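Chain by chain, the residues:
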Amino acid sequence: ESKRRTRNGRLAYTPALAQSQRDRLQFETQLRHAADNQEFHLVYQPQVDLGSGRLVGAEALIRWRSERLGEMRPDHFIAQAEGTGDIVRIGDWVLREACRQVAAWHDDGLGIVRVAVNVSYRQLLGSDLMASVRGLLREFDLPGDALELEFTERVLIEDAPETLGNFAALRALGVSLAIDDFGEGYSALNYLRRLPIQGLKLSPMFVSGVPDNQSDVAVCEAVAGIARSLRLALVAEGIENEAQRRFLLELGVPVGQGFLFAPGLAPADFAKRL
Ligand code: C2E
Ligand code: MG
Ligand code: MG
Ligand code: MG
């Protein structure tokens, strides 16, 4: 199998890109059936108050353990699933599983954990995202503010006519909406005004360079300034060391996540931290 190094130097598989047509077909077939074969699970990365270290929520991250292909990272199958449209069914599974888990923690007496779920722009097109979220909140008896949905800037680029209506309806349910990896792509500030967004997530692309790299520092300051003036919540991602935590805290960024605190955890390990 072909391998390449990720940013942090680990080996990762690149099935869809590097391998033959036949392998690619096999990859697509496995991906299509992964949900039915119960090959997906979610891990939960703690989001912490950068001052006190208190846990304030979690981000749910999908993992795929394929019977045939082994362990697969989302960066290597989400884009593929968006291309084939499979992401809509996968995304439905993710939302349901995250809601089920929050309800299970609640039943265990751990309170309502606020979970952020990544949602693909494709889930906003044509599919009735609002109706499925409303149905899940009802089914698992959860308040809307137990859920945050993260969208990448791709949602802004697509500028689908359904987006504004969907976002407004999700807000009416109490669900909060955030832009993931803010600044990496196409940051049209106009949309931050027009769409009912409550939060931004500062990309690890910029966090990784602080406090030494001056242009990364400048971008972090700019994003923190935008969040402050538009009264948006800000979560910094990819915090790996103490110097980064301190810099972001001094910048006024209230919440962060990253390997300094914890990677994505199995539900039982996450519960131990509550
Ligand atoms: P993301 O939503 O921006 O998630 C953050 C990614 O950064 C995660 O990678 C996480 O494991 C990683 N990370 C966390 N802390 C650190 C750190 O301190 N340093 C570094 N270098 N990385 C850190 P992961 O889980 O591989 O997910 C990659 C991307 O795949 C996610 O980026 C998200 O865009 C997408 N994704 C993950 N789960 C889902 C899902 O359920 N649905 C959709 N549509 N996309 C998902
Ligand atoms: Mg995310
Ligand atoms: Mg992100
Ligand atoms: Mg990302």
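Residues numbered from 1 in each chain as written. Chains lettered and ligands numbered in written order. Predicted model: local features only at pLDDT ≥ 70, side-chain atom pairs only at ≥ 80, totals over all residues. Heavy atoms only, no water.

Engineer: An account of the coordination of the magnesium ion (ligand 2) is needed here, citing residue identities and associated values.
Structural biologist: Around the magnesium ion (ligand 2), the protein supplies Glu59 (OE), Asn118 (OD1), Glu150 (OE) and Asp180 (OD) as donor atoms, at distances of 2.0 to 2.2 Å. In this model, the magnesium ion (ligand 2) sits 4.0 Å from the magnesium ion (ligand 3), the two metals being bridged by Asp180. A residue pair is termed long-range when its members are at least 10 positions apart, and Glu59 in strand E4 (residues 55-66) and Asp180 in strand E8 (residues 176-182) qualify at 121 residues. Its relative accessible area of 6% is what places Asp180 among the buried residues. (Donors = N, O, S within 2.8 Å, 3.2 Å for Na, K, Ca; no water. Helix = DSSP H or I, 4+ residues; strand = E, 2+ residues; numbered from the N terminus. Buried < 20%, exposed > 50% of the residue type's maximum accessible area, 1.4 Å probe, protein only.)

Engineer: Talk me through the pairing of E8; I want residue IDs and the actual numbers.
Structural biologist: Side chains on a regular strand alternate between the two faces of the sheet. The buried fraction of E8 is high, at 6 of 7 residues. The sheet contact formed by strand E7 (residues 147-151) and E8 spans 4 bridges and is parallel. Note that in E8 the partner of Leu149 across the bridge is Leu177. (Pairing = 2+ DSSP bridges.)

Engineer: Requested: an account of the site of ligand 1, with residues and values cited.
Structural biologist: As a matter of local geometry, ligand 1 sits amid 22 residues, with Arg63, Asn118, Asp180, Glu240 and Phe259 nearest to it. For ligand 1, an oxygen atom lies 2.8 Å from a polar atom in the side chain of Arg63. In this structure, an oxygen atom belonging to ligand 1 sits 2.8 Å away from a side-chain N or O atom of Asp180. Taking 800 Å² as the accessible area of ligand 1 by itself, protein coverage stands at 88%. Those elements that provide at least two residues to the shell around ligand 1 are E4, helix H4 (87-107) and E8. Of all the elements, E4 adds the most residues to the shell around ligand 1, at 4 residues. (Near = heavy atom within 4 Å. Polar contact = N/O pair within 3.5 Å; in protein donor to acceptor, adjacent residues only side chain to side chain. Areas by Shrake-Rupley, 256 points an atom, 1.4 Å probe, with all protein chains shown as cover.)

Engineer: I'd love a proper account of H4, names of residues and values included.
Structural biologist: One turn of the α-helix equals 3.6 residues, which is why residues spaced by three or four share an orientation. In a regular helix each residue adds 1.5 Å, so 21 residues correspond to 30 Å; H4 covers 30 Å between its end C-alpha atoms and thus fits that length. Gly109 lies just past H4 and shows a positive phi near 85°. (Expected span 1.5 Å × (residues − 1).)

Engineer: Residue-level account of the nonpolar core, with values.
Structural biologist: Soluble globular proteins: nonpolar side chains tend toward being buried together. Core analysis: the largest hydrophobic core is formed by 78 residues, its most contacted members being Val115 and Leu149. Of the residues forming this core, the biggest block, 9 residues, is contributed by H4. Leaving out residues up to four positions away in the same chain, Val115 has contacts with Tyr44, Ala58, Ala60, Ala98, Val102, Trp105, Ala146, Leu147 and Glu148. (Core = buried A, V, L, I, M, F, W, Y, C linked by side-chain atoms within 4.5 Å. Contact = heavy atoms within 4.5 Å.)

Engineer: So what's going on with helix H7 (residues 161-172)? Which residues, and what values?
Structural biologist: All of the buried residues along H7 are Thr163, Asn166, Phe167 and Leu170. For H7, the angular spread of buried residues about the axis comes to 100°, placing them on one side. The outward face of H7, more than 90 degrees from its buried face, is lined by the exposed residues Pro161 and Ala172. Buried residues along H7 sit in contact with helix H5 (129-139), E7, helix H6 (154-158) and E8. (Arc of directions from axis to C-beta.)

Engineer: Could you give me a rundown of the pattern of salt bridges, with the residues and numbers involved?
Structural biologist: Per the counting criterion, the structure on display carries 12 salt bridges. Taking the shortest distance from any N to any O, the salt bridge between Lys201 and Glu150 comes out at 2.6 Å. One end of the pair, Lys201, is in strand E9 (residues 199-202); the other, Glu150, is in strand E7, and 51 residues separate them in sequence. The exposure class of Lys201 is buried, given its relative accessible area of 1%. On the accessibility criterion, Glu150 (1% relative accessible area) is buried. Arg245 is paired through a salt bridge with Glu242; the nearest N and O atoms lie 2.6 Å apart. Placement of the pair is Arg245 and Glu242 together in helix H11 (residues 242-251), with a separation of 3 residues, close to one helical turn. Residue Glu242 is classed as partly exposed on the basis of its relative accessible area of 33%. (Salt bridge = Lys/Arg side-chain N within 4 Å of Asp/Glu carboxyl O.)

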